[in-house]
Amino acid sequence: MSIKTIGVLTSGGDAPGMNAALRAVVRTGIAHDITTYGINRGYEGLINGEFEKLTARSVSGILQRGGTIIRTARSERFRDKKFRDRAMEMCKVFGIEALVVIGGDGSYRGALDFLKEGMNCVVIPATIDNDISSTEYCIGYDTALNTALSAIDKLRDTAYSHERVAVIEVMGRHAGYIAINDGIAGGADAIVIPELKYNFQQDIIKPIMEGRNRGKRDHCIVIAEGVGDTAKICKDIEETTGIRTVCTILGYIQRGGSPSARDRLMASKMGFKAVEILNEGRFNKAICLKDNKIVDIDIEEALRMEKASFDYDMNLAKILAM
Ligand code: ADP
């Protein structure tokens, strides 16, 4: 079966590079005589019929822009079959034969529900959290990592000058990828992530005090938002050590900004691959980076995969913080 019309949407949390993926989908489609409709506001727009035909020019000048020009949304309604039926009717009206979903694992689950009802889907991993188990890389992660790292560097400068402890909370929802990797790259004394249990005395206070005893006068603690306790940890550090401790929650700044070269490249390659797959008549696939190659696996299998352990990286971080 040769596909003639597809839809593309971005869903869940926005991530830098989503636009680059969108551009790649539209332009690869054009190369194969496939018409692409951009669907506004993720699954919400699918239910509401917010479809717009995209041309090569509609996606001009967006490669370097953060966010997503077709907007994104979280759609509670899409979890309800009644609304998915409505979305399917909308797809029929526009002649959509397959859907490219650019988003995180929540969006993958939405796509899985939709494909079970008969829509062909391909999903592209895009989330700054980098927490999709089936892929070694998610679009947006590198840019977020660099944004947070540059903030950590700045906060370390001021912590050094005032001889303080800087406690920095980075994003990641329930995942600790930004925290562990920026903790290592930013030279944190301690890193706290939701995937690994921590002991306040052993894992936070001890490295700070050992550093003090070696003559270190400033300290940096990186905490993933998923730990959920950053302000309290900060207060407890100050009370326990007697060292002035300041808390910075980086927040949404990590979601914006022009995508890095890596994000643009990954997005371009993954968007291209998604449409190549559809053009070959293969459906219901998740695009992944595996052993540095862009490959595809079944969406259902992708959602069953387990996350890699953080033990190795945490051990490394502790040794290097010495
Ligand atoms: P992300 O895709 O970034 O992980 P969310 O988890 O918010 O973001 O998911 C985006 C959207 O995908 C949700 O608003 C919802 O419409 C859909 N979705 C999420 N989880 C499910 C699920 N378990 N079943 C069906 N649809 C889901």
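Residues numbered from 1 in each chain as written. Predicted model: local features only at pLDDT ≥ 70, side-chain atom pairs only at ≥ 80, totals over all residues. Heavy atoms only, no water.

Peer 1: For the domain arrangement of the chain, give the residues involved together with the corresponding values.
Peer 2: The domains assigned to the chain are domain 1 (5–140 + 259–304) and domain 2 (141–255). Of the residues lining the interface, 17 residues belong to domain 1; the matching set on domain 2 comes to twelve residues. Taking both partners together, domain 1 and domain 2 bury about 1200 Å²; carbon and sulfur atoms supply 50% of that area. Per-residue buried area on domain 1 facing domain 2 is highest for Ile 128, Asp 129 and Asn 130; these three make up 43% of the total on that side. For the salt bridge of Arg 255 with Asp 14, the shortest nitrogen-to-oxygen distance reads 2.7 Å. Where domain 1 packs against domain 2, one counts ten residue pairs in polar contact (both at pLDDT 80 or more). The residue makeup of the side of domain 1 that touches domain 2, split by class, is six nonpolar, five polar and six charged. (Domains from an automatic or database assignment. Contact = heavy atoms within 4.5 Å. Buried area = accessible area lost by both parts, 1.4 Å probe. Salt bridge = Lys/Arg side-chain N within 4 Å of Asp/Glu carboxyl O. Polar contact = N/O pair within 3.5 Å; in protein donor to acceptor, adjacent residues only side chain to side chain. Nonpolar A, V, L, I, M, F, W, Y, C, P; charged D, E, K, R; others polar.)

Peer 1: Tell me about the packing of aromatic side chains, and name the residues and values.
Peer 2: Across all of its chains, the model carries six aromatic pairs by this definition. Linked through ring pairs, Tyr 37, Phe 51 and Phe 94 together constitute an aromatic cluster. Over the ring of Tyr 137 we find Arg 262, and its NZ or CZ is 4.2 Å from the ring centre. (Phe/Tyr/Trp six-rings, centres within 6.5 Å; stacked < 30°, edge-to-face > 60°. Lys NZ or Arg CZ within 6 Å of the ring centre and 35° of its normal.)

Peer 1: An account of the pattern of salt bridges is needed here, citing residue identities and associated values.
Peer 2: If you walk through the whole model with that rule in mind, you get 22 salt bridges. A salt bridge links Lys 81 to Asp 85, with the nearest nitrogen and oxygen atoms 2.9 Å apart. In this pair, Lys 81 and Asp 85 are both assigned in helix H3 (residues 81–94), four residues apart and thus about one turn of the helix distant. In this structure Lys 81 comes out as partly exposed when scored by relative accessible area, which is 43%. Notably, a salt bridge pairs Glu 280 with Arg 282, separated by 3.0 Å at the nearest N-O pair. Assessed through its relative accessible area of 28%, Arg 282 is described here as partly exposed. Each of Lys 273, Glu 280, Arg 282 and Asp 296 takes part in one network of salt bridges that share partners. (Helix = DSSP H or I, 4+ residues; strand = E, 2+ residues; numbered from the N terminus. Buried < 20%, exposed > 50% of the residue type's maximum accessible area, 1.4 Å probe, protein only.)

Peer 1: Describe the site of the ligand, listing the residues and the values that go with them.
Peer 2: The local shell around the ligand holds 16 residues, among which Arg 74, Ser 75, Gly 106, Ser 107 and Asp 113 are the closest. A distance of 2.5 Å separates an oxygen atom of the ligand from a polar atom in the backbone of Ser 75. Contact distances for the ligand include 3.5 Å between a nitrogen atom and a backbone N or O atom of Gly 110. Its free accessible area being 550 Å², the ligand has 87% of it covered by the protein chains. Of all the elements, helix H4 (residues 105–116) adds the most residues to the shell around the ligand, at six residues. Its residues placed into classes, the shell around the ligand shows two nonpolar, eight polar and six charged. (Near = heavy atom within 4 Å. Areas by Shrake-Rupley, 256 points an atom, 1.4 Å probe, with all protein chains shown as cover.)

Peer 1: Kindly report on the environment of Val 165, identifying the contributing residues and their values.
Peer 2: Tracing the sequence through the fold places Val 165 in strand E6 (residues 165–170). Between the C-alpha atom of Val 165 and that of Arg 244, which follows or precedes it by 79 residues, the distance is 6.4 Å.

Peer 1: I'd like to hear about the sheet that holds strand E11 (residues 293–298), residue by residue, with values.
Peer 2: Spatial strand order, E3-E2-E1-E4-E5-E10-E11: seven strands in an open sheet with mixed pairing. Each end of this open sheet is capped by a strand with a single partner; those strands are strand E3 (51–54) and E11. Adjacent strand axes in the sheet meet at a mean angle of 30°, parallel and antiparallel pairs treated alike. In this structure, strand E1 (residues 5–10) lies alongside strand E2 (residues 35–39), joined through five bridges in parallel fashion. Bridge pairing links Leu 9 to Ile 39 in E2. Those strands touched by helix H1 (residues 18–31) are E1, E2, E3, strand E4 (98–103) and strand E5 (120–125), and its axis lies near 160° from that of E4. Most of the contacts of H4 go to E5, to which it runs at about 170°, and overall it touches E4, E5 and strand E10 (285–290). (Pairing = 2+ DSSP bridges. Axes fitted to C-alpha atoms, helices over the stretch in contact; angles between N-to-C directions.)

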